Amino acid sequence: MNWVIGKKQKRRNRIKAQFGKNPMELEAWESLEKRMREIRMYEELVVQDVKKEEWQSAGSVDTVTWNDLEMDRVFARINHTRTYMGEQILYHRLHNMQTRQSCEDMEKRISFFSRRESIRTEIEEKLMRIGKQKESCYLPFFLTEEINPLVIPGAILYFLQGLLAFCLIGAILLRSNLWATGFLVVAVVNLLIYLHTKCKYEGNLFMVSSLKELFDFCNWIVKKLEPDRPEILHALEKTQKLSHRMLRWQTRKYQSISGDVTGILWDYIAGITLHDVVAFYRIQKTLRACKKETMQLYTFAGEIDMEIAIASFRKSLPQWCCPSLQSDGAISVEEIRHPLMADAIPNDFVLKKGVVLTGANASGKSTFMKAVAINVILAQTINTCVAKNMKMPAIQVMTSMALRDDVLQGESYYMREIKYLKRMLDELKTGESMLFVIDEILKGTNTRERLAASNAILSYMVQKQGFLLIATHDLELVYALKNRYDTYYFDSQVHEKDIVFPYKIRRGIVGKTNAIDLMELLDFPEEITDQARREAGKR
């Protein structure tokens with residue numbers, strides 16, 4: 001008994017110690033990356049259920065922007081979740097901007113979990129029992145798609161069970177070889193049906209078995225916290241019969257693959273008697289009547305797990321704030337940081353309409369732009385900014401940054417770039433307020449056409465509703481736009497044989513570049529660097 005108590009206390013101490021830590025230190029990115037396909041499933045399912053046009057207008061982060069900003073890694077940085085549904089709900093939430101009311105409601109629960117350590121620890125302990133089994137991640141698809149009945153109708157299954165029992169009784173009472181032969185024939189038929197069904201539905205068998213832990217958690221949390229959620233109480237009442245069926249089913253979970261003699265013996269008995277097939281048939285029939293309510297409980301449990309993860313994320317940060325969302329005005333930030341950089345240099349910044357960033361190579365332009373874009377997304381999805389203060393209107397984010405040739409699609413760099421820019425121009429037609437972030441516009445073509453086209457595109461975009469944050473090395477373009485855009489820059493200083501980057505944003509236009517300095521630091525031949533300086537001096 002003392003051993004059990006000690007083990008439970010050790011588990012709780014570990015949970016307490018992990019709260020407020022960087023999840024990427026607890027699970028390597030390479031390990032999480034292997035599970036990303038399963039984590040994305042809930043988000044992909046929701047997108048399938050909504051027409052693309054409606055989905056975009058609802059305030060979602062599109063695929064290009066998500067990949068440009070490395071949002072999978074941002075998700076990993078926040079992912080303190082204990083369950084597969086928590087991971088899926090968090091991943092989904094980071095894709096979709098929330099209303100102010102939704103953020104306020106969520107904030108109350110996050111604040112509660114942040115303050116009440118003992119309750120939070122107890123909840124996390126319960127969530128860990130659900131866990132992150134890979135097969136359970138497919139549950140949303142199973143719940144939202146039409147649940148296909150078993151190949152063998154239920155009436156035939158019941159008939160075969162009865163016939164098996166009838167033959168067995170006849171063989172025992174009458175001691176007849178005929179009845180014994182009949183029993184063996186029916187047993188073989190049942191076993192074949194069981195093996196066929198198990199082969200076809202085995203994934204579903206394991207998947208629905210995790211529902212019992214979900215139901216148990218939801219019942220427990222409702223009694224523990226008594227949330228004002230009448231729809232959850234209704235869902236628990238509606239799924240009560242299914243929960244009872246799952247209780248009987250749970251004892252069979254993984255038993256067939258345990259490998260011990262008892263497990264193998266019970267597997268044969270379950271096959272001959274059609275015990276598992278009939279049990280699964282009943283679960284299917286019951287689940288078909290309460291799919292909506294089961295999905296409500298799935299989301300409810302996932303949101304609790306997600307909100308505790310957000311509370312942990314906040315505690316792990318050197319500084320954070322809740323955003324001040326306004327109806328209009330500028331994007332104003334104090335001491336903003338990139339969430340993936342533990343030692344990031346904070347910066348203050350105001351984006352009134354359009355800003356062109358210049359600066360030396362590796363001076364921090366791209367990282368800063370990503371920090372702004374990511375924080376705008378985090379502000380409207382998890383009500384959290386990695387900054388001292390952030391004021392902003394409700395806006396969507398769209399980027400064109402991490403471009404590369406697509407060999408498989410047969411698209412050149414330039415072709416992909418103008419497609420990304422065209423999607424931004426199309427978005428302007430909707431009238432939605434947007435933040436457009438563009439790194440090195442049209443660098444995939446020649447200088448003369450790049451400057452002309454870039455000037456035309458950016459001059460057009462700045463006249464429309466929204467905000468633009470642009471980075472470029474083309475000083476000719478910067479001077480052409482300086483009457484329409486504010487200018488900021490990141491600097492660098494050369495000290496003997498080293499280049500120092502302050503990573504602080506400053507107003508104005510960069511006064512010098514460092515491309516040749518970097519070549520010298522990497523010991524390029526002097527013949528190359530000297531010629532490069534002479535050529536640069538002529539321009």
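Rules used in this analysis
Position numbers for residues count from 1 along each chain, tracking the sequence in the order it is written. The predicted nature of this model means local features are confined to residues of pLDDT at least 70 and side-chain atom pairs, given and counted, to a pLDDT of 80 or more, with totals for whole chains, interfaces and linings taken over all residues. Note: side-chain values were computed over all heavy atoms of the structure, leaving out hydrogens and water. Note on definitions: angles span 0 to 180 degrees between N-to-C directions of axes, and those axes are lines fitted to C-alpha atoms, for helices only across the stretch in contact. Elements are defined by DSSP. Helices are runs of H or I of four residues or more, strands are runs of E of two residues or more, and each kind is numbered from the N terminus. With respect to orientation, any angle under 35 degrees is reported as roughly parallel, any angle over 145 as roughly antiparallel, any angle of 65 to 115 as roughly perpendicular, and every other angle as oblique. Helix crossings fall into two classes, left-handed where the near helix is turned counterclockwise from the far one by less than a right angle and right-handed where it is turned clockwise. Any two residues whose heavy atoms approach within 4.5 Å at even a single point are treated as in contact. For this scheme, ten residues count as nonpolar: Ala, Val, Leu, Ile, Met, Phe, Trp, Tyr, Cys and Pro. Four count as charged, namely Asp, Glu, Lys and Arg, and the remainder, Gly too, count as polar. Relative accessibility under 20% of the residue-type maximum defines a buried residue, over 50% an exposed one, and the middle range a partly exposed one, all with a 1.4 Å probe and only protein chains included. Each polar contact in these results corresponds to two N or O atoms within 3.5 Å; when the atoms are within protein, one needs to be able to donate a hydrogen and the other to accept it, and residues that are neighboring in sequence are counted only if both atoms are side-chain atoms. Stacked, tilted and edge-to-face are the three classes applied to pairs of Phe, Tyr and Trp rings, where Trp contributes its six-membered ring and a pair requires centres within 6.5 Å; stacked means planes under 30 degrees apart, edge-to-face means over 60, and tilted covers the rest. Two limits define a charge over a ring: the Lys NZ or Arg CZ must be within 6 Å of the ring centre, and within 35 degrees of the ring normal. Only when DSSP finds a minimum of two bridges between them are two strands counted as paired. UniProt positions are given in the numbering used here, feature names are shortened, and annotations may be inferred rather than shown by experiment. Any carboxyl oxygen of Asp or Glu within 4 Å of a side-chain nitrogen of Lys or Arg constitutes a salt bridge here. Side-chain atoms within 4.5 Å link the members of a nonpolar core, which is a set of buried Ala, Val, Leu, Ile, Met, Phe, Trp, Tyr and Cys residues. Note that the domain bounds were set by an automatic or database domain assignment.

- In the nomenclature of an unreviewed UniProt entry, the protein chain is known as DNA mismatch repair proteins mutS family domain-containing protein of Roseburia faecis.

**Re the packing of helix 22 (residues 413-428) against helix 23 (residues 447-461)**
Move 1: Interhelical geometry of helix 22 versus helix 23 gives an angle of 25 degrees and a closest axis separation of 11 Å. The pairing of helix 22 with helix 23 is recorded here as roughly parallel in orientation. Of the two possible hands of crossing, helix 22 and helix 23 adopt the one that is left-handed. Contacts between helix 22 and helix 23 involve Leu-421, Met-424, Leu-425 and Leu-428 from the former and Ile-457, Tyr-460 and Met-461 from the latter.
Move 2: For the contact of helix 22 with helix 23, the per-class residue count stands at seven nonpolar, no polar and no charged.

**Thoughts on the side chain of Thr-384**
Move 1: Examined against the element boundaries, Thr-384 turns out to sit in the loop between helix 21 (365-381) and strand 5 (389-393).
Move 2: Taking relative accessible area as the criterion, Thr-384 reaches 0% and is therefore assigned buried.
Move 3: Within polar-contact distance, the side chain of Thr-384 engages the backbone oxygen of Ile-382 at 2.8 Å.
Move 4: With sequence-adjacent residues up to four places away left out, Thr-384 is seen in contact with Ile-310, Phe-313, Arg-314, Trp-320, Cys-321, Pro-323, Leu-378 and Ala-379.

**Thoughts on the environment of Pro-339**
Move 1: Mapping Pro-339 onto the fold places it in the loop between strand 2 (331-336) and strand 3 (347-351).
Move 2: Assessed through its relative accessible area of 5%, Pro-339 is described here as buried.
Move 3: Sequence-wise, Pro-339 and Ala-387 are 48 residues apart; in three dimensions their C-alpha atoms are separated by 9.4 Å.
Move 4: Sequence-distant contacts of Pro-339, defined by excluding residues within four places in its chain, comprise Arg-77, Phe-313, Ile-374, Asn-375, Leu-378 and Val-386.

**Brief notes about the packing of aromatic side chains**
Any pair of aromatic rings gets described here by the distance separating the centres and the angle formed by the planes.
Move 1: Per the stated rule, a full pass over the model turns up eleven aromatic pairs.
Move 2: Pairing Tyr-158 with Tyr-281 gives two aromatic rings, centres 6.1 Å apart and planes at 80 degrees, and the pair type is edge-to-face. On the criterion of sequence distance, the pair formed by Tyr-158 in helix 13 (residues 154-174) and Tyr-281 in helix 19 (residues 275-288) is long-range, its members being 123 residues apart.
Move 3: Ring-pair connections join several aromatic residues into one group, and the members of that group are Phe-349, Phe-368, Tyr-488 and Phe-490.
Move 4: A cation over an aromatic ring shows up here: Arg-120 above the ring of Phe-19, its NZ or CZ 3.5 Å from the ring centre.
Move 5: The cationic tip of Arg-423 hangs over the ring face of Tyr-420; the distance from NZ or CZ to the ring centre is 5.5 Å.

**Topic: the sheet that holds strand 1 (residues 324-326)**
Move 1: Pairing is mixed across the open sheet formed by four strands, whose spatial order is 1-5-2-3. The sheet is open, and its two borders are formed by strand 1 and strand 3, each paired with just one other strand. In this sheet, neighbouring strand axes are inclined to one another by 15 degrees on average, regardless of whether the strands run parallel or antiparallel.
Move 2: Inspection of the sheet shows strand 1 paired to strand 5 by three bridges, in the parallel sense. Counterpart to Leu-325 in the pairing with strand 5 is Met-392.
Move 3: Seen against the sheet, helix 21 touches strand 1, strand 2, strand 3 and strand 5 and runs at an angle of roughly 75 degrees to strand 5.

**Looking at the UniProt feature "transmembrane region" (unreviewed entry) in the protein chain**
Move 1: The residues that UniProt annotates with the feature "transmembrane region" (unreviewed entry) are residues 150-172 and 178-197.
Move 2: Across residues 178-197, helical content stands at 100% and strand content at 0%; the span's end C-alpha atoms are separated by 29 Å.

**Examining the pattern of salt bridges**
Move 1: Applying the stated criterion across every chain, the model contains 22 salt bridges.
Move 2: Here Arg-35 ties to Glu-27 by a salt bridge, and the two come within 3.0 Å at their closest N and O atoms.
Move 3: The class for Glu-27 is partly exposed, based on a relative accessible area of 23%.
Move 4: Across the salt bridge formed by Arg-314 and Glu-107, the nearest N and O atoms sit 2.7 Å from each other. Separated by 207 residues along the polypeptide, Arg-314 in helix 20 (residues 291-316) and Glu-107 in helix 10 (residues 100-115) bring together distant segments of the chain. Each member of the pair, Arg-314 as well as Glu-107, is classed as buried.
Move 5: Salt bridges linked by common partners bring Glu-27, Arg-35, Glu-87 and Lys-132 together as one network.

**Overview of unusual backbone geometry**
Move 1: For Leu-274, which is not a glycine, the phi torsion comes out positive at approximately 60 degrees.
Move 2: With respect to the helices, strands and loops of the structure, Leu-274 is situated in the loop between helix 18 (261-273) and helix 19.
Move 3: The backbone of Asn-383 shows a phi angle near 55 degrees, a positive value even though the residue is not glycine.
Move 4: Here Asn-383 is to be found in the loop between helix 21 and strand 5.

**Quick word on the nonpolar core**
Move 1: Of all hydrophobic cores here, the largest spans 99 residues; its most connected members are Ile-123, Phe-217, Phe-349, Leu-357, Leu-435 and Leu-469.
Move 2: Take this core: its biggest share by element is eleven residues, from helix 20.
Move 3: Taken domain by domain, this core gets at least three of its residues from each of domain 1 (143-300) and domain 2 (319-508).
Move 4: The contacts of Leu-357, once residues within four sequence positions are left out, are Lys-365, Phe-368, Met-369, Leu-469, Ile-470, Ala-471, Thr-472, Tyr-488, Tyr-489, Phe-490 and Ile-505.

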